[in-house]
Amino acid sequence: MRLTVSVPPEHRSSLEACLRGDLAGHIEWLASGDADVVLGGPGRGRLAGCASWPGAEAAAALVAAGWERRLDQQDMERLNQVGRALASEQNLDRLLDLILTSARELLEAEAGSLYLVDEKAGVRELVFAHTQNAKVSLPYHQFRMPITKGTLAGFVAVTGESLNLEDVYRLPEDAPYHFSDAFDRQARYRTVSMLVVPMKDAQGGTLGVLQLINRVMRTPEGEAVLPFLASHQAMAESLAGQAGIAVKNAQLLAEIEVLFEGFVNASVTAIESRDPVTSGHSGRVADLTVGLAEAVNRTPNGVYGTLNFSPHQMREIRYASLLHDFGKVGVREQVLVKAKKLEPEKLEIVLQRLRQRSLEEALALLAESWKGGAVFDPAAWEGRIRDREAEAERLIALIRQSNEPTVLDQGVAEGLGLVADLDFTHWSGAKQPVLEPDDLAVLRIRRGSLSESERLEIESHVTHTFRFLKQIPWTGDLKGVPEIAYAHHERLTGTGYPRKLAAEAIPVQSRAMAISDVFDALTARDRPYKGAVPLEKSLDILGEEAKHGHLDQPLLDLFVEAKVFERTVGR
């Protein structure tokens, strides 16, 4: 650092003779004009000055005063820089490292440690949270200790007072605290001077303790360990004040993130409790989508070579993936978990009607024979019963086959036309169809188990998800969660749902989630209405979808090349 001094040339030699030796090497001399210090001439002195020549000794005192102010300015500038750096760091571990690094640089400390106050169940403890040492390196182990006045850090934490110790091995006999030399003995290190200051929050509560060890001055002869000065203590206390606020903010942010993580996990649990057959789906989709995003980050070329997702965006992708199906809580349970075309209770009624109809037909044939004067023939009667039962079994098998969510066979579809005309006797005595028109329409579904109205109800879960997620006051780095989840069923051809978005309107994150969602739906082993599709076949199906423009081909290529699918296969 330099100090500019403006002084008439005729006075410079006498002034230099009066300056202290350590100051002369930092001065840049000017003959006139504005400078940090102006002596005996026109110009503005930014730090000190005198328009008339005050004499050599007085001029030297003004230069020394200017130098001290310059040092104070430098300290303030450095503190401000550190303050800005602390305010911008939100990760607690990186923040603690930054606090120690900055404090050691500012105060020329060889080593340092940080303790944080932790309170659980009403018991306050000091947590040895971080340490640095420029001379020795030993494995770092976090540990806890009770907060008492018996230790240096404990005394500062209890009293809120700073300790500035010239030599920790020569403490006053009446001091309530003592120095533990365990580390020195283990590391063959020598702790001498120590500065211990409290880190406080905005309300004055002690959050932790900053401990700086051995102020080292480098000289031509080597290094010397010196005591920390009062100015160093003031600077350390100022830094600790800034650090305390930054630590409190980081702790609050960490607590909020833990709270929100719990909320997300609870929401996923709620989803899976509504639809147990897809349990684990949300977590697997999140793993796959994050894995695909990481593959994008690792690939420097191709369509997405310039795209790089930040850690905040990765968290945004993960939350959107975990919550992408939350809207299923707004879908009726009988539709959500529907495995067959007819609900079990409805199928039971239809089959019972077929069985009842076979008996009714047998009785009608018997009655008709008796009315014609025929004599009762047990063998003939049993034969007719067997014929009717065989017909009932055939129709029951037809209904059961039609009820499966597989592609409807043409022969089965034609057989349903015969059942449509059958009736039975209701308990009221009236004739009613065995199959209600709505039931017949459901059984005639060509593929899957859902009717058109039920399919639309299932698809509505995406809109329900969006409306739910929009109610959450997301922080700025997570504000994209609702929109990413909203577009996970859109397709690049504009044929997706619910908004039929064009390709350019679908976020890349949603395109990645679409691939993950389809892959997991194909390979999942827990769906009662279908078996798991083998891996190779599933990838082939995804390839066909991309070939026809539904899925993003470059992202699918990365999904396959990076073997992202291995994150969930077999789970």
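What comes next is a walk through the structure. Computed from a prediction, not measured in an experiment: that's the story for all the values here. (Residues numbered from 1 in each chain as written. Predicted model: local features only at pLDDT ≥ 70, side-chain atom pairs only at ≥ 80, totals over all residues. Heavy atoms only, no water.)

### A closer look at the packing of helix α4 (residues 92-107) against helix α7 (residues 230-274)
Then step 1. Where α4 meets α7, the axes come as close as 11 Å, and the angle between the chain directions of the two elements is 170 degrees. If you check the angle between α4 and α7, you find them roughly antiparallel. Where α4 abuts α7, its residues L92, L95, L96, I99, S102, A103, L106 and L107 lie against H232, M235, A236, L239, A243, A246, V247, A250 and Q251.
Then step 2. Of the residues belonging to the contact of α4 with α7, the class tally is 14 nonpolar, three polar and no charged. (Axes fitted to C-alpha atoms, helices over the stretch in contact; angles between N-to-C directions. Helix = DSSP H or I, 4+ residues; strand = E, 2+ residues; numbered from the N terminus. Parallel < 35°, antiparallel > 145°, perpendicular 65-115°, else oblique. Contact = heavy atoms within 4.5 Å. Nonpolar A, V, L, I, M, F, W, Y, C, P; charged D, E, K, R; others polar.)

### Observations regarding the sheet that holds strand β4 (residues 45-50)
Then step 1. Strand order in this open sheet of four strands is β2-β1-β3-β4, and the pairing throughout is parallel. Looking along the sheet, the strands with just one partner apiece sit at the ends: β2 (27-30) and β4. Across this sheet, the average inter-strand angle for adjacent strands is 20 degrees, counted without regard to direction.
Then step 2. As paired elements, strand β3 (residues 35-39) and β4 share four bridges and run parallel to each other. Bridging across to β4, V38 finds its partner in G49. (Pairing = 2+ DSSP bridges.)

### Description of helix α19 (residues 535-547)
Then step 1. Look at α19: 18 Å from first C-alpha to last across 13 residues, which is about the 18 Å you get at 1.5 Å a residue.
Then step 2. Within α19, the full set of buried residues consists of S538, L539, L542 and A546. Buried residues along α19 cover an arc of 95 degrees about the axis, so they all sit on one side. Those residues of α19 that are exposed and aimed more than 90 degrees away from the buried face are E536 and K547.
Then step 3. Where the residues of α19 are buried, they touch α18 (508-523) and α20 (553-561). (Expected span 1.5 Å × (residues − 1). Buried < 20%, exposed > 50% of the residue type's maximum accessible area, 1.4 Å probe, protein only. Arc of directions from axis to C-beta.)

### Describing the packing of aromatic side chains
Then step 1. On inspection of all chains with the given rule, the structure shows 14 aromatic pairs.
Then step 2. When the centroid spacing of 5.0 Å and the interplanar angle of 65 degrees are considered together, the rings of F155 and Y177 count as edge-to-face. Taken together, the positions of F155 in helix α5 (residues 152-159) and Y177 in the loop between β8 (163-165) and α6 (182-187) put the pair 22 residues apart, joining distant regions of the chain.
Then step 3. With a centroid separation of 4.0 Å and 10 degrees between ring planes, the pair formed by F466 and Y486 is classed as stacked. Of this pair, F466 sits in helix α16 (residues 461-470) while Y486 sits in helix α17 (residues 481-486), placing them 20 residues apart in sequence.
Then step 4. When its relative accessible area of 11% is taken as the criterion, Y486 is described as buried.
Then step 5. Here a set of aromatic residues connected by ring pairs shows up, and it is made of F260, F263, Y319, F326, F468 and W474.
Then step 6. Above the plane of the ring of Y486 lies R499, whose end atom (NZ or CZ) is 3.7 Å from the centre. (Phe/Tyr/Trp six-rings, centres within 6.5 Å; stacked < 30°, edge-to-face > 60°. Lys NZ or Arg CZ within 6 Å of the ring centre and 35° of its normal.)

### As for the nonpolar core
Then step 1. Ranked by size, the top nonpolar core spans 27 residues in total, and within it L86, L107, M199, L210 and L212 carry the most contacts.
Then step 2. Secondary-structure elements contributing two or more residues to this core are α3 (56-88), α4, β5 (109-120), β9 (194-200), β10 (206-219) and α7.
Then step 3. Ranked by residues supplied to this core, first place goes to α7 with eight residues.
Then step 4. Ignoring any residue separated from it by four or fewer positions in sequence, one finds L212 in contact with A103, R104, L107, A109, A111, G112, S193, M194, L195 and F228.
Then step 5. Ranked by size, the runner-up nonpolar core spans 26 residues in total, among them I147, L163, F179 and A187. (Core = buried A, V, L, I, M, F, W, Y, C linked by side-chain atoms within 4.5 Å.)

### Regarding the pattern of salt bridges
Then step 1. Enumeration according to the criterion identifies 26 salt bridges in this entry.
Then step 2. Residue K135 is joined to E110 by a salt bridge in which the shortest nitrogen-to-oxygen separation is 3.5 Å. Taken together, the residues span a long stretch of sequence, with K135 in the loop between β6 (123-133) and β7 (143-146) and E110 in strand β5 at a distance of 25 residues.
Then step 3. Residue R388 is joined to E361 by a salt bridge in which the shortest nitrogen-to-oxygen separation is 2.4 Å. Highlighted residues: R388 in helix α12 (residues 378-402) and E361 in helix α11 (residues 344-371), separated in sequence by 27 residues.
Then step 4. With relative accessibility at 24%, the residue E361 sits in the partly exposed group.
Then step 5. Here the residues in one salt-bridge network are D118, E125 and R144, joined through shared partners. (Salt bridge = Lys/Arg side-chain N within 4 Å of Asp/Glu carboxyl O.)

### Quick look at the packing of α19 against α20
Two quantities define a packed helix pair, namely the angle between the helix axes and the distance between the axes.
Then step 1. Two elements in contact, α19 and α20, have axes whose closest approach is 9 Å; the angle formed by their N-to-C orientations is 160 degrees. One element, α19, and the other, α20, form an angle in the roughly antiparallel class. Here α19 runs over α20; the crossing is left-handed. Contacts between α19 and α20 involve L539, L542, G543, A546 and K547 from the first element and Q553, L556, F559 and V560 from the second.
Then step 2. Split by residue class, the contact of α19 with α20 holds six nonpolar, two polar and one charged. (Left-handed = near helix turned anticlockwise from the far one by under 90°.)

### Examining the environment of I349
Then step 1. Position of I349 among the secondary structure elements: in helix α11.
Then step 2. When its relative accessible area of 41% is taken as the criterion, I349 is described as partly exposed.
Then step 3. With 126 residues separating them along the chain, I349 and E223 place their C-alpha atoms 95 Å apart.

### Side note on the state of the cysteines
Then step 1. With the rule as written, the count across this model stands at zero disulfides.
Then step 2. Cysteine C18 remains unbridged, with the sulfur of C50 as its closest cysteine sulfur at 15 Å. (Disulfide = S-S within 2.5 Å.)

### Description of the environment of E391
Then step 1. The topology assignment puts E391 in helix α12.
Then step 2. A relative accessible area of 25% means that E391 is categorised as partly exposed.
Then step 3. Each C-alpha atom of the pair E391 and R355 lies 9.4 Å from the other, and the pair is 36 residues apart in sequence.

### Details of the environment of D438
Then step 1. On the secondary structure map, D438 appears in helix α14 (residues 437-443).
Then step 2. The class for D438 is exposed, based on a relative accessible area of 62%.
Then step 3. Taking the C-alpha atoms as reference, D438 lies 9.7 Å from S451; in sequence the two are 13 residues apart.

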